[in-house]
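# Examining the three-dimensional arrangement
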Amino acid sequence: MLTEVFSLAVDVGVPQSIGRDAAGERRCVPITGGTVTGKISGVILSGGADWQTLRPDGLADLDARYMLKLEGGAQVEVWSRGLRIGPAEVMAQLARGERVDPSAYYMRTAMRFETAAPDLQWLVHRLHVGIGERTPDQVRLQVFGVD
């Protein structure tokens, strides 16, 4: 069973391409800030990144790591591994920085959290799933706990 827990609005910078290899184009997208709202609230700290491989078949492999600073001061490490895929034209629109209806593509991520805060161990002890949307300057995730 899935239970909606919180939302993330992750501010992102300009993707930095590392180049192409046999697996596809490798790039790094800086995470510059953002907000957390819902069962937990706070901000996303700058300094994280989403390491991506854009495969020749159009699939984007996503591997993001970043930090949350919650109201009350607790910090939480986020590790998010996922994928984004859609029709070629939709993916081209996203690559150009255009707004695209999130129902036109598939963006899902498996999420793990680490924190020393005793009252947040429920985050550490459960897997979470994010359903995502890419806007020109953000990644938006609705995060669900997997019971």
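Here's a quick rundown of the structure.

How each quantity is defined
Residues numbered from 1 in each chain as written. Predicted model: local features only at pLDDT ≥ 70, side-chain atom pairs only at ≥ 80, totals over all residues. Heavy atoms only, no water. Helix = DSSP H or I, 4+ residues; strand = E, 2+ residues; numbered from the N terminus. Buried < 20%, exposed > 50% of the residue type's maximum accessible area, 1.4 Å probe, protein only. Polar contact = N/O pair within 3.5 Å; in protein donor to acceptor, adjacent residues only side chain to side chain. Core = buried A, V, L, I, M, F, W, Y, C linked by side-chain atoms within 4.5 Å. Contact = heavy atoms within 4.5 Å.

When its secondary structure is counted, the protein chain shows two helices and 10 strands. Along the protein chain, from the amino end to the carboxyl end, the secondary structure elements read β-β-β-β-β-β-β-α-β-α-β-β. Taken along the three principal axes of its C-alpha coordinates, the protein chain extends 45 × 30 × 25 Å. Out of the 147 residues in the protein chain, the part that is buried amounts to 42%.

Looking at the secondary structure, you find T53 in strand 5 (residues 48–54). A residue is classified by how much of its surface remains accessible, and T53, at 11% relative accessible area, is buried. Polar contacts involving the side chain of T53 include one to the side chain of R26, which spans 3.0 Å.

F6, L8, Y66 and L68 are the most contacted members of the largest nonpolar core, which totals 32 residues. Where this core is concerned, the elements lending two or more residues are strand 1 (2–12), strand 3 (24–38), strand 6 (60–70), strand 7 (75–85), helix 1 (88–95), strand 8 (106–114) and strand 10 (138–146). With six residues, the top contributor of residues to this core is strand 6. Those residues in contact with L8 that sit more than four places away from it in its chain are T35, V36, I44, Y66, L68, M111, V139, R140, L141 and V143.

Looking at the secondary structure, you find D57 in the loop between strand 5 and strand 6. Expressed as a C-alpha distance, the spacing of D57 and A88, which sit 31 residues apart in the sequence, is 9.0 Å. One polar contact links D57 to R55, side chain to side chain, over a distance of 2.8 Å. For D57, the side chain forms a polar contact with the main-chain nitrogen of L59, separated by 3.0 Å.

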